[in-house]
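# Structural overview
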Amino acid sequence: MKHPAFIQFYPTLRCNQKCGFCFNRSISDPGSYGDMNKHEAFLLADMALKYGITEIDILGGEPLLVPWIKDFISYATGAKLSVNISTNGSLLDSVIDLAEIGADSLNIGFSILGFSETHNALTGSDNFSKAIAGIKRLVSDGRGPIVKSVLMQENKGEIFDLVDYLAELGLKRYFLLHEDMIGRRDYQALSFPEYYAFYAELKKKMDGKPDIGFVAASGFYKHGAYSKFRCDAGITKIAVMPDGSAFPCNLFAGSEKFLLGNIFRDGIEKIWHNRLLEYFRGHKKENMCASKGCAHYTNCTGGCPAHGYYFYGTMDAVDPRCKAMSKVS
């Protein structure tokens, strides 16, 4: 672990949607971060290259609201960094601008939560048709867009039909996301077993058309070289906010207790060796969950420590989404 494998990069927390599941709910004043300036963004790319970091995930907020984002992506991909950007797809002209970059190392992901009525209701917007127009444009240009859906009680009834529809548009890659609950203390969500069963059924039905992947807390699904760790925070990644402040992952953002420093003032080396990361590198091999009969038990470490900390005040608590639940109080 000489360096993180990738950086979760937040150039802005501004957004033109109001998604109820957004992690920004946990930050008391998202606007206080402002936007990162272009000079610092390019400096961040240079720092990544210097330390052998190969990938940058651009998140938000809505990153396409930042005027220099196309220039940054052109610079980063030109320097052989892999760049993944997640957008709500509402800014069609900016989406088309990204398509013009043409780098194979650029992945453009759209957030689609359901068909028009459901998507617009869950995002507090009227952006469904704009996002679909962007997806169609990228497909026609041969850019291979990605679509991501957060699985919720409100949209699970139309996800199968949505994926069928997206496949008809020519979509080749789709990811189903497990819903985060950071920022919502009284909320009903799908447990990880419920979520994974839904994902497995969807993947089986689609049979590779499009290819279906899942995104869930690494503490729920351990695999590969890093399976001995509690989760991937501070192991494969760090999160960098618009002001340069760094955290073990985005779900800890805004908490002074987990602030690793400022990447521009302190540098990657100092941040990566911050003692706060010792917890995540504590080689917790055993699942702290008591549900030994769960089908996921041997491949799990108790879910996301950020969720445990947010709901119960300790990272050693089991994620409340571990098993079937009603409401967290």
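Attention in this report is confined to the structure presented alongside it.

### Description of the packing of helix α6 (residues 159–168) against helix α7 (residues 192–206)
- Between α6 and α7, whose axes approach to 11 Å, the crossing angle comes to 35°. When you trace α6 past α7, the crossing you get is right-handed. Note on element contacts: α7 touches α6 through Phe 198, Glu 201, Leu 202, Lys 205 and Met 206, opposite Ile 159, Phe 160, Val 163, Asp 164 and Ala 167.
- Here the residues of the contact of α6 with α7 sort into 7 nonpolar, no polar and 3 charged.

### What about the sheet that holds strand β7 (residues 211–215)?
- With respect to topology, 10 strands assemble into an open sheet ordered β7-β6-β5-β4-β3-β2-β1-β8-β9-β10, the strand pairing being mixed. Both edges of this open sheet fall to β7 and β10 (261–262), since each of them pairs with a single strand only.
- With 4 bridges connecting them, strand β2 (residues 55–58) and strand β3 (residues 82–87) associate as parallel partners. Bridge pairing in β3 places Ile 56 opposite Val 83.
- Against the sheet, helix α1 (residues 38–50) contacts β1 (6–9) and β2, and its axis sits at roughly 165° relative to β1.
- Of the strands in this sheet, β5 (146–151), β6 (173–178) and β7 touch α7, which is tilted by about 170° from β7.

What counts and what doesn't
- Residues numbered from 1 in each chain as written.
- Predicted model: local features only at pLDDT ≥ 70, side-chain atom pairs only at ≥ 80, totals over all residues.
- Heavy atoms only, no water.
- Axes fitted to C-alpha atoms, helices over the stretch in contact; angles between N-to-C directions.
- Helix = DSSP H or I, 4+ residues; strand = E, 2+ residues; numbered from the N terminus.
- Left-handed = near helix turned anticlockwise from the far one by under 90°.
- Contact = heavy atoms within 4.5 Å.
- Nonpolar A, V, L, I, M, F, W, Y, C, P; charged D, E, K, R; others polar.
- Pairing = 2+ DSSP bridges.

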